[in-house]
Amino acid sequence: MVSFTHDDESTPETHWRAWEQDRPGKDLQIEELFDGRLPARFLLLAAHPDDETLGAGGLLARLAREGVRCDVVVLTDGEASHPSSPTYSPAQLAGLRRTEVANAVQVLAPAAALTFEGLPDGGVTEEDVAAVLRRLLLQGEAPRTLVAAPWRHDGHTDHDAVGRAAAEVCREHQSPLLEYPIWLWHWGAAEEQADQLAELHLLQLGTDDHTRKTSALASHVSQVTPLSAAPGDEVLLSADFLAHFDRNYEAFFVSEGSSTFERLHQDKADPWEVAERFYEQRKRALTIASLPRDRFCRTLEIGCSVGSLTKELAAVSDNVLALDTSETAVRRTAEVLSTNDAAEARLATVPRDWPREDGPFDLVVLSETGYFLSSDQLDEVISLILASLDDDGVLVLCHWNHPIEGWELDGVDVHERVRQVGSLTTLALHTEEDFLLEVFVPPPGDSVARREGLL
């Protein structure tokens, strides 16, 4: 257990600036936690008033600005911040700090719901926090909820209890969890905490979000200025300590929940009934029939589900690599491919886990998966595909031609985005009411008959 007090000399911010420059790149992309989407809800737990601003104020401002429902839950009133104050009783401090956090949240996220749980400052228990969080997660779709809480190893008993409880409950509900350190920056050192710091993800803050965080922090007047000139009313958060939070980023330890697709595959052996439906069987047959060659050397399939299309691609490929973000889907595809040593199913989330070392590929298949990416992610995936195709590589797109509820893109968007890049040309296009199937090749896009000398 770390031992420190708030008035110990704080680790200089210059120390952490040097660490930031040397750290391996590990930036946090919120959308990657939710299959390319923003969360439906952000649940921010604060052990004390001001934790919400110090640890995640910039994130709160950003998600609120982007229309995410935000709930800020303050677990204690922080009434023990100045135990020797001659001018404020604990009850008066509690009232003052409730007002301050309300003002801070108004700056960061005016539409956010703010609630107070009134747990004892300095006496927070894991059981109490777990009960609160379970109740709150039952009020919405837990897997689409992003939870943020103080880091479970921050060194403050209340912070540690909240972090441990949040980790337990989020694991139960398969919800992603961000743990934000606060006191680590005060007592820690880059060399001594190297292993833990290596797991930190940094969220870059835009100018507006950083400005809002700075203004919100100033709202916590009782913490950033003395209560009075009397002994016992000294400033709690020193200028050296506050310097740790005047950064253009926030830092989080990330525990990922189960993806939408993992839950789908856990709940049902074949979520889209691709093995049984004639619609799916016919679509696969059309996909294979549309390929401009009878054999490929190295095939990449992005999003394999239960491996029905993967198996057919393996029949026309010397090697196949199939990717999916669902561990259960990868396991089922591996079972389908178990007799084929040249075919592999791998757990991966693109674009983050793009298989750069496995290319180049002469066939890439993106079937029913492009619209499950954000717009920025799709652009990056297209760039990665183009960089991974060999000189005569083929890209096959196949997507549902009806609206995709709850996602940013639809099938038409995906195909049009590839066409706009202009590096490939359409060799074949099959359009039905239900789906689009398009085959892209490098220009000039010679037809099969022309390639075989029939023209």
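Below: a short report on this structure. (Residues numbered from 1 in each chain as written. Predicted model: local features only at pLDDT ≥ 70, side-chain atom pairs only at ≥ 80, totals over all residues. Heavy atoms only, no water.)

One open sheet holds the seven strands; their spatial order is 10-9-8-11-12-14-13, and the pairing between them is mixed. What marks the edges here is a single partner per strand, and that holds for strand 10 (343-347) and strand 13 (425-431). For this sheet, the mean angle separating the axes of adjacent strands, direction not counted, is 15°. Across six bridges, the pairing between strand 12 (residues 389-400) and strand 14 (residues 435-441) is antiparallel. Of the residues in strand 14, the one forming a bridge with Leu397 is Glu438. The strands that helix 14 (residues 327-336) touches are strand 9 (317-324) and strand 10; relative to strand 10, the one it contacts most, it runs at about 170°. (Pairing = 2+ DSSP bridges. Helix = DSSP H or I, 4+ residues; strand = E, 2+ residues; numbered from the N terminus. Axes fitted to C-alpha atoms, helices over the stretch in contact; angles between N-to-C directions. Contact = heavy atoms within 4.5 Å.)

What follows deals with the pairing of strand 9. Along strand 9, six of the eight residues are buried, which leaves the element largely enclosed by surrounding structure. Taken together, strand 8 (residues 296-302), helix 13 (residues 308-314) and strand 9 form a β-α-β motif whose crossover is right-handed. Across five bridges, the pairing between strand 9 and strand 10 is parallel. Note on strand 10: the bridge partner recorded for Leu321 is Glu344. A crossover links strand 9 with its parallel partner strand 10, the connecting element being helix 14, and its sense is right-handed. (Buried < 20%, exposed > 50% of the residue type's maximum accessible area, 1.4 Å probe, protein only. Right-handed = clockwise from strand over helix to strand, strands pointing away.)

Two modes of strand pairing occur in sheets, parallel and antiparallel, and in both the strands are linked by backbone hydrogen bonds. Taken in spatial order, the seven strands of this open sheet run 3-2-1-4-5-7-6, and their pairing is mixed. In the strand order of this sheet, the two ends are held by strand 3 (113-119) and strand 6 (200-204), each with one partner. Between one strand and the next, the sheet's axes are offset by a mean angle of 25°, whatever the strand orientation. With four bridges joining them, strand 1 (residues 41-46) and strand 4 (residues 145-150) adopt parallel strand pairing. Bridged to Phe42 within strand 4 is Leu146.

Close approach of charged atoms allows side chains of opposite charge to pair. Scanning all chains against the criterion turns up 36 salt bridges. The partner of Glu32 in a salt bridge is Arg352, and the shortest N-O contact between them spans 3.7 Å. Of this pair, Glu32 sits in the loop between helix 1 (13-22) and strand 1 while Arg352 sits in the loop between strand 10 and strand 11 (361-367); the two residues are 320 residues apart in sequence, bridging distant segments of the chain. Taking the shortest distance from any N to any O, the salt bridge between Glu172 and Arg134 comes out at 2.7 Å. Taken together, the residues Glu172 in helix 5 (residues 157-173) and Arg134 in helix 4 (residues 126-137) connect sequence positions 38 residues apart. Overall, Glu172 belongs to the partly exposed group, its relative accessible area being 43%. Where salt bridges share partners, they join Glu32, Glu256, Arg352 and Asp353 into one cluster. (Salt bridge = Lys/Arg side-chain N within 4 Å of Asp/Glu carboxyl O.)

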